[in-house]
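Listed below are the residues making up each chain.
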Amino acid sequence: MPSYIIDRDYRLLYFDPVTKLRFPKVTAGEVCYRVFNKTENPCRGCRCFQYDSEKKTRYYNRNVECEVLTSFTPLSGAKENEAWLVTLEEYVPDTDGEDENPEGFSDSESVDEVDLLTGLYRYRTFARRAISMLRKNPLDQWAMMAVDIRHFKLFNLQFGDDAGDQILSQIGTYLNSIQQQKTGNCEVGYWGEDDFYLVLPDDDGLIRQIETGIIRLIEKYDRQNSFPPCIGVYHLTEHASFRSLCDRAQLAASAAKQRVRDRIVYFEESMIKDLEHRHELGNAIRKGLKNREFVVFMQPKCNLNTGKIVGMEALARWKKADGAIVLPGDFIPYMEETGLITDLDVYMWEEVCRELRSVMDDEKEMLLPVSVNVSIADVYALDVPEVFRTLAERYGVPPKYLEVEITESVYARDTERINDMVHQLRKDGVTVLMDDFGSGYSSLNMLKDISVDILKIDMNFLAMNGENEHRGIDILRSVIQLADKMQIAVIAEGVETREQIELLRKMGCVYGQGYYYYRPMPMKELQKLIAQKENIDICGIPNRKNHIGWREGI
């Protein structure tokens, strides 16, 4: 049964893995009645903080669309009942009941409940109809399928709420057509937001067909495949509560969100352990941010002709309390998925400004520009230029020493919004880099729409061998020449060999970054490095003429 702890303001202090399984989008700090009951006021009959009342109540929960029995326990040691343990016991129909009305609904509740936007059944009706259908055939012939649109909130921000409603309506119409084609062998339900469920024959071909149909609908708005359907499938093999069948499919859909390609995932028991791990990871990350366990590592950018350092890129490392270093690949994907990446980014931006201020206060050290990363979540959640203005003023850092790296894929998401942000950043004196240039399909086209100061060439350009080597070299040379004509400096990222450096120099590329020169290093190690003046070039990397000025002699 789901259990969680709330404080006196009804905010979640803790929730167990079962709660996360039932309510996948729950996060610590949220108000419980908004998350669990979709209301703006405490739930009817809530017994928390009512000291002389019964400690159990039963009420209809709007979120799960059924009645729940809720028990309340004040935590021992909590001052004046400031914290309570809440446990939910849901009244959900069971697939192995024998009654004529096994779902437990009254006659008045048997009326079909249809969502007006999608035209699909809401949970109660979906459950009642699906359970009735499941009893007609052996259980192992069926599958529960959950469909979730990746980054749907960003879809609404990018294309507008009306477009979001339209795509939900279109998906509903499409799934309803599947149900009509499979009359008596398919039931479809909609649970709000972007959550769709189907009970259908255990047929991989049919599941792939549904995925393809939804992708085609979304492609009308976005051809970059930035908002793919993530599908979880549970092969029905045992009798269990109907809700638990849905939960397992949803858990598989959550796993699909973490994939780059094939986003149809079949439920495995190990996913429950993974969920527990992710829950623990989330708590550890929040604690780490609060305790300042995340530290700045710097990777120098160098002049390929002299080997001197012309700037740095700030990279996040997680140094846990026991001294262990956690690499980005172990926490960044989770933070991007949950939105915590914005908290980390702002944290890193401020740490960089603090470090720059420290260097400015130490007259022995030379100041070089430092670049930080901006994610797509930052673009929609923050006024990025305003945040940088505030930090620059707070620490007294000249904006010319701040550089912002935005990946090409972010530019492709929402060109107009990104262009406005880039224009304001450059107007404020902040240098803007397009990171991973060449990793997408519209790189050259974007250069005419968005003004940037520096291009970072995707390291895949340097991964040339065999038949494609000469073609790759020609493409790389053309990009460098084009950038030169547009007066945009180029940094080759991922430089690892002397041969690569010589090739880049012959092509006219002046700047590089990679393990050949330096690996990411902690600040103390960097300070020793730049304290030696012969290691640095304070001229830095030139910018476009209409920004800080195009330095000659490069």
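Refer to the structure above for everything that follows.
Here the structure is a predicted model, which is why all the values come from computation and not from measurement. (Residues numbered from 1 in each chain as written. Predicted model: local features only at pLDDT ≥ 70, side-chain atom pairs only at ≥ 80, totals over all residues. Heavy atoms only, no water.)

K.L.:
Kindly report on the sheet that holds strand S10 (residues 264-266), identifying the contributing residues and their values.
P.N.:
Ordered by their spatial adjacency, five strands build an open sheet running S7-S8-S6-S9-S10, and the pairing between neighbours is mixed. Both edges of this open sheet fall to strand S7 (187-190) and S10, since each of them pairs with a single strand only. Neighbour-to-neighbour, the strand axes of this sheet turn through a mean angle of 20 degrees, independent of strand direction. The strands that helix H5 (residues 161-181) touches are strand S6 (142-149), S7 and strand S8 (195-201); relative to S8, the one it contacts most, it runs at about 10 degrees. (Pairing = 2+ DSSP bridges. Helix = DSSP H or I, 4+ residues; strand = E, 2+ residues; numbered from the N terminus. Axes fitted to C-alpha atoms, helices over the stretch in contact; angles between N-to-C directions. Contact = heavy atoms within 4.5 Å.)

K.L.:
Run through the packing of aromatic side chains, naming residues and quoting values.
P.N.:
Overall, the coordinates contain 20 aromatic pairs when judged by the stated rule. For the ring pair Phe-155 and Phe-159, a centre distance of 4.8 Å and an interplane angle of 45 degrees mean the geometry is tilted. Here Phe-155 pairs with Phe-159, and both are found in helix H4 (residues 152-159), just four residues apart, close to one helical turn. Given the relative accessible area of 2%, Phe-155 is considered buried. A relative accessible area of 28% means that Phe-159 is categorised as partly exposed. Both rings, one in Phe-294 and one in Phe-331, keep their centres 5.4 Å apart while their planes meet at 70 degrees; by these two values the pair is edge-to-face. Here the residue Phe-294 occupies a position in strand S11 (residues 294-303), and Phe-331 occupies one in the loop between strand S13 (325-326) and helix H9 (332-338), the gap between them amounting to 37 residues. Overall, Phe-331 belongs to the buried group, its relative accessible area being 0%. One aromatic cluster is present, built from ring pairs that chain together Tyr-123, Phe-126, Trp-191, Tyr-197 and Phe-242. Positioned over the ring face of Tyr-123 is Arg-243, at 5.9 Å from the centre of the ring. Over the face of the ring belonging to Trp-318 we find Lys-320, whose NZ or CZ atom lies 5.2 Å from the ring centre. (Phe/Tyr/Trp six-rings, centres within 6.5 Å; stacked < 30°, edge-to-face > 60°. Buried < 20%, exposed > 50% of the residue type's maximum accessible area, 1.4 Å probe, protein only. Lys NZ or Arg CZ within 6 Å of the ring centre and 35° of its normal.)

K.L.:
Quick one: what's the story with the packing of helix H7 (residues 242-256) against helix H8 (residues 270-290), residue by residue and with numbers?
P.N.:
It is at 10 Å that the axes of H7 and H8 come closest, and there the two elements cross at 65 degrees. For the pair H7 and H8, the sense of crossing is left-handed. Of the residues in H8, those in contact with Leu-251, Ala-252 and Ala-255 of H7 are Met-271, Ile-272 and Leu-275. Taken together, the residues that form the contact of H7 with H8 break down as six nonpolar, no polar and no charged. (Left-handed = near helix turned anticlockwise from the far one by under 90°. Nonpolar A, V, L, I, M, F, W, Y, C, P; charged D, E, K, R; others polar.)

K.L.:
Could you give an account of the pairing of strand S15 (residues 402-407), naming the residues involved and the relevant values?
P.N.:
For S15, a buried count of five out of six residues is recorded, marking the element as mostly surrounded by other parts of the structure. With five bridges connecting them, S15 and strand S16 (residues 431-437) associate as parallel partners. Its bridge partner lying in S16, Val-404 is registered against Val-432.

K.L.:
Which residues make up empty space enclosed by the protein, and what are the values?
P.N.:
With a probe scaled to a water molecule rolled over the atoms, the places where space remains empty come into view. Scanning all chains against the criterion turns up three cavities of 30 Å³ or more. Roughly 90 Å³ of internal volume is contained in the second largest cavity. Around the second largest cavity, the lining comprises 13 residues; the ones closest to its centre are Met-312, Leu-356, Val-359, Val-370 and Met-523. The element best represented in the lining of the second largest cavity is helix H18 (residues 523-530), accounting for four residues. Classifying every residue of the lining of the second largest cavity gives eleven nonpolar, one polar and one charged. (1 Å grid on protein atoms, 1.4 Å probe; cavity = no way out; pocket = protein on both sides within 12 Å on 5 of 7 lines; lining within 4 Å. Points joined across faces, edges and corners; volume = space filled by probe spheres on them.)

K.L.:
Kindly report on the pairing of strand S12 (residues 309-319), identifying the contributing residues and their values.
P.N.:
Burial analysis of S12 places ten of its eleven residues in the buried class, which makes it a mostly covered element. Here S11 runs beside S12; their pairing, made up of nine bridges, is antiparallel. Each bridged residue has a counterpart across the sheet, and for Val-295 the counterpart in S12 is Arg-317. Hairpin remark: S11 followed by S12, antiparallel, with five residues in the connecting loop; positive phi at Gly-307, about 80 degrees.

K.L.:
Please give an account of the nonpolar core that cites residues and values.
P.N.:
Ranked by internal contacts, the top residues of the largest apolar core, which has 115 residues, are Leu-175, Ile-210, Ile-285, Phe-331 and Leu-344. Top contributing element to this core by residue count: helix H10 (residues 341-361), with nine residues. With residues up to four places along the chain from it excluded, the contact list for Ile-285 reads Phe-294, Trp-318, Phe-331, Tyr-334, Met-335 and Leu-340. Ile-131, Trp-191, Leu-236 and Met-271 belong to the second-largest nonpolar core, a separate cluster that totals 31 residues. (Core = buried A, V, L, I, M, F, W, Y, C linked by side-chain atoms within 4.5 Å.)

K.L.:
Pulling in residues and values, what's your account of the side chain of Lys-456?
P.N.:
By secondary structure assignment, the location of Lys-456 is in strand S17 (residues 454-457). Given a relative accessible area of 0%, Lys-456 falls into the buried group. Of the polar contacts made by the side chain of Lys-456, one reaches the side chain of Glu-493; its length is 3.4 Å. A polar atom in the side chain of Lys-456 sits 2.8 Å from the side chain of Gln-513. Here Lys-456 is in contact with Lys-301, Glu-313, Glu-405, Leu-433, Met-434, Asp-435, Asp-436, Phe-437, Ile-491, Glu-493 and Gln-513, once residues within four sequence places are set aside. (Polar contact = N/O pair within 3.5 Å; in protein donor to acceptor, adjacent residues only side chain to side chain.)

K.L.:
How would you summarise helix H12 (residues 384-395) if you had to cite specific residues and measurements?
P.N.:
An α-helical turn contains 3.6 residues, so any two residues separated by three or four positions project in the same direction. In this model H12 runs 17 Å from its N-terminal to its C-terminal C-alpha over twelve residues, within 8% of the 16 Å that 1.5 Å per residue would give. For H12, every residue scored as buried is listed here: Val-384, Pro-385, Val-387, Phe-388, Leu-391, Ala-392 and Tyr-395. Each buried residue of H12 sits inside an arc of 160 degrees when the element is viewed along its axis, so together they form one side. Seen from the buried face of H12, the exposed residues on the opposite side, beyond 90 degrees, are Glu-393 and Arg-394. Buried residues along H12 sit against H10, strand S14 (370-374), helix H11 (376-381), S15 and helix H14 (415-427). Note on H12: the residue one or two positions beyond its end, Gly-396, has a positive phi of about 65 degrees. (Expected span 1.5 Å × (residues − 1). Arc of directions from axis to C-beta.)

Just geometry here; none of it tells us what the structure is for.
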